[in-house]
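Commentary on secondary and tertiary structure
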Amino acid sequence: MIDYGQGFHETLLALGERARNLRLLRKLRQEELASRADVGIATLRRFEKTGVASMENVLRIATALSAERAFDKLFEAPPYASIDEALARPE
């Protein structure tokens, strides 16, 4: 079993906080964002407070905040498979 420890929890909290800050920057109330994202208000509140939500709901919220482009980098393959491969490419 993977032990995510405190760092995992802090990452989730920071994610929820960033979503909240972006919502406020966009001058949206929680009710408005929940409606635009097609998620329940309780889901949005929990996400902003804890960073916990399903991947689908996080994507819905990100899309409603025009922040979905960040998902393009999620699980992106690294440019090199190994250090040897990186060293073999002088570019």
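Summarised in this report is the structure supplied together with it. Keep in mind that this is a model prediction, so the values were computed, not measured.

With that out of the way, let us pick up the side chain of Q30. With respect to the helices and strands, Q30 occurs in helix α2 (residues 30–37). For Q30, a relative accessible area of 19% gives the class buried. Side chain to side chain, Q30 and E48 meet in a polar contact 2.8 Å long. The contacts of Q30, once residues within four sequence positions are left out, are R23, I41, L44, R45 and E48.

Turning next to the nonpolar core. Listed in full, the 12 residues of the largest apolar core are A19, L28, L33, A34, A37, V39, L44, F47, V58, I61, A64 and L65. Only α2, α3 (41–50) and α4 (55–64) provide two or more residues apiece to this core. Contact partners of A64, with chain neighbours within four places excluded, come to L33, R36 and A37.

What counts and what doesn't
- Residues numbered from 1 in each chain as written.
- Predicted model: local features only at pLDDT ≥ 70, side-chain atom pairs only at ≥ 80, totals over all residues.
- Heavy atoms only, no water.
- Helix = DSSP H or I, 4+ residues; strand = E, 2+ residues; numbered from the N terminus.
- Buried < 20%, exposed > 50% of the residue type's maximum accessible area, 1.4 Å probe, protein only.
- Polar contact = N/O pair within 3.5 Å; in protein donor to acceptor, adjacent residues only side chain to side chain.
- Contact = heavy atoms within 4.5 Å.
- Core = buried A, V, L, I, M, F, W, Y, C linked by side-chain atoms within 4.5 Å.

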